Amino acid sequence: MAGTSARMLALLGLLQSRPRWSGPELSARLGVSGRTVRNDIERLRSLGYPVEAERGRAGSYRLAAGGKLPPLLLDDDEAVAVAVGLRAARGVAGVDEAGARALGKLLQVLPERLRPTVDAVAATVDSAPENTGTDAPDPEVDPQVLSAVAKAVHAREWLRFDDRGTPRRVEPYRLLSWQRRWYLVARDPDSGAWETFRLDWIQPRLPTRRPFDPVPVPGGDFTAFALRSIAVGGWKVHARLRIAAPADRVIARINPTVGVVEAVDPATSVLVTGADSLETIAAYIGMLGMDFTVDEPGELRAHLRRLADVYLRAAG
């Protein structure tokens, strides 16, 4: 029986390693007859694993999705790679807690021969701080929100959610992870307007199960569109600044994701930018090295006055 159990685990591992296996391939890998393979397939089915068979000269076996998660069988390299990857993923807002739980389960059953490798990586690799561009804390995204949105994107079904209390209905197209934040690129089916939403600001409603026919995103690039729109509407604090410089000079000084620049006249331009705190905006606009005035918000003007006093005292 011990030999049969070990062979069935090996068979299950093979079925998980690639989409399809022919009977002769499985026989050769396991070193048994085709009849033994067929018997082991039936045993797996009796244990609840949905092994499907395609008959004919090019017939094959495949492990289909089932009602429960089967044992995940990893070879040595795969187990080490998953453990190292889960350690790195703990720094990603929204999935760190789930990643820590998965890592704990993996380490509990990790073979002793692999522990030195995983322990060596853990002991010799440090993670530098990820959030170095702002004083605002990383937003946390509920994994269930991430899952619900991802399913709607994958199924190409309308998505209903509340965006900071406002009901919305959109065609969801793509998820983007950037600057330790999660965003959704979507289109309003009524107005046709494209928008980018922060996942830590939304709460999905029940699935709509209503499919939609996709249309091309403006410019043809989801990431480029998202980064442009985030600069305008994807932050907690937004600012409109009048810069005493031509638009092309301002554009040359900033990344397109930082803000949107519009020309007012040959010597003046407007920069619309944002961040999750006034302090971050003040730091970045100071790096422009150009004269500017703040159109809005008034809170930013007050903060800049306080900073001016600090800098004047520091200059002596």
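See the structure above.
Cut-off values and rules
- Residues numbered from 1 in each chain as written.
- Predicted model: local features only at pLDDT ≥ 70, side-chain atom pairs only at ≥ 80, totals over all residues.
- Heavy atoms only, no water.
- Salt bridge = Lys/Arg side-chain N within 4 Å of Asp/Glu carboxyl O.
- Helix = DSSP H or I, 4+ residues; strand = E, 2+ residues; numbered from the N terminus.
- Buried < 20%, exposed > 50% of the residue type's maximum accessible area, 1.4 Å probe, protein only.
- Phe/Tyr/Trp six-rings, centres within 6.5 Å; stacked < 30°, edge-to-face > 60°.
- Lys NZ or Arg CZ within 6 Å of the ring centre and 35° of its normal.

Draft legend 1. Representation of the pattern of salt bridges. The tally for this structure, following the rule as stated, stands at 18 salt bridges. Asp-40 is the salt-bridge partner of Arg-7, the closest N and O atoms lying 2.5 Å from each other. Placement of the pair is Arg-7 in helix H1 (residues 2–17) and Asp-40 in helix H3 (residues 34–46), with a sequence separation of 33 residues. Of the residues examined, Asp-40 reaches a relative accessible area of 0% and is grouped as buried. When the shortest N-O distance is used, the salt bridge between Arg-240 and Asp-295 registers 3.5 Å. Here the residue Arg-240 occupies a position in strand E8 (residues 237–243), and Asp-295 occupies one in strand E11 (residues 292–296), the gap between them amounting to 55 residues. Shared partners join several salt bridges into a network, and the residues in it are Arg-181, Arg-198, Asp-200 and Asp-276.

Draft legend 2. Spatial organisation of the packing of aromatic side chains. With the rule as written, the count across this model stands at eight aromatic pairs. Measuring from ring centre to ring centre gives 5.2 Å for Phe-161 and Phe-197, while their planes differ by 75 degrees; the resulting arrangement is edge-to-face. A residue pair is termed long-range when its members are at least 10 positions apart, and Phe-161 in strand E3 (residues 159–163) and Phe-197 in strand E6 (residues 194–198) qualify at 36 residues. Neither Phe-161 nor Phe-197 differs from the other in exposure class; each is buried. Considering the side-chain rings of Trp-194 and Phe-225, the 6.3 Å spacing of their centres and the 70 degrees angle between planes classify their relative orientation as edge-to-face. With Trp-194 in strand E6 and Phe-225 in helix H8 (residues 222–233), this residue pair connects regions lying 31 residues apart in the sequence. Each member of the pair, Trp-194 as well as Phe-225, carries the same accessibility label: buried. Pairwise contacts between aromatic rings join Tyr-173, Trp-194, Phe-212, Phe-222 and Phe-225 into one cluster. We note Arg-18 situated over the ring of Trp-21; from NZ or CZ to the ring centre the distance is 3.7 Å. Across the ring face of Trp-158, the terminal group of Arg-210 is positioned such that the distance to the ring centre comes to 3.8 Å.

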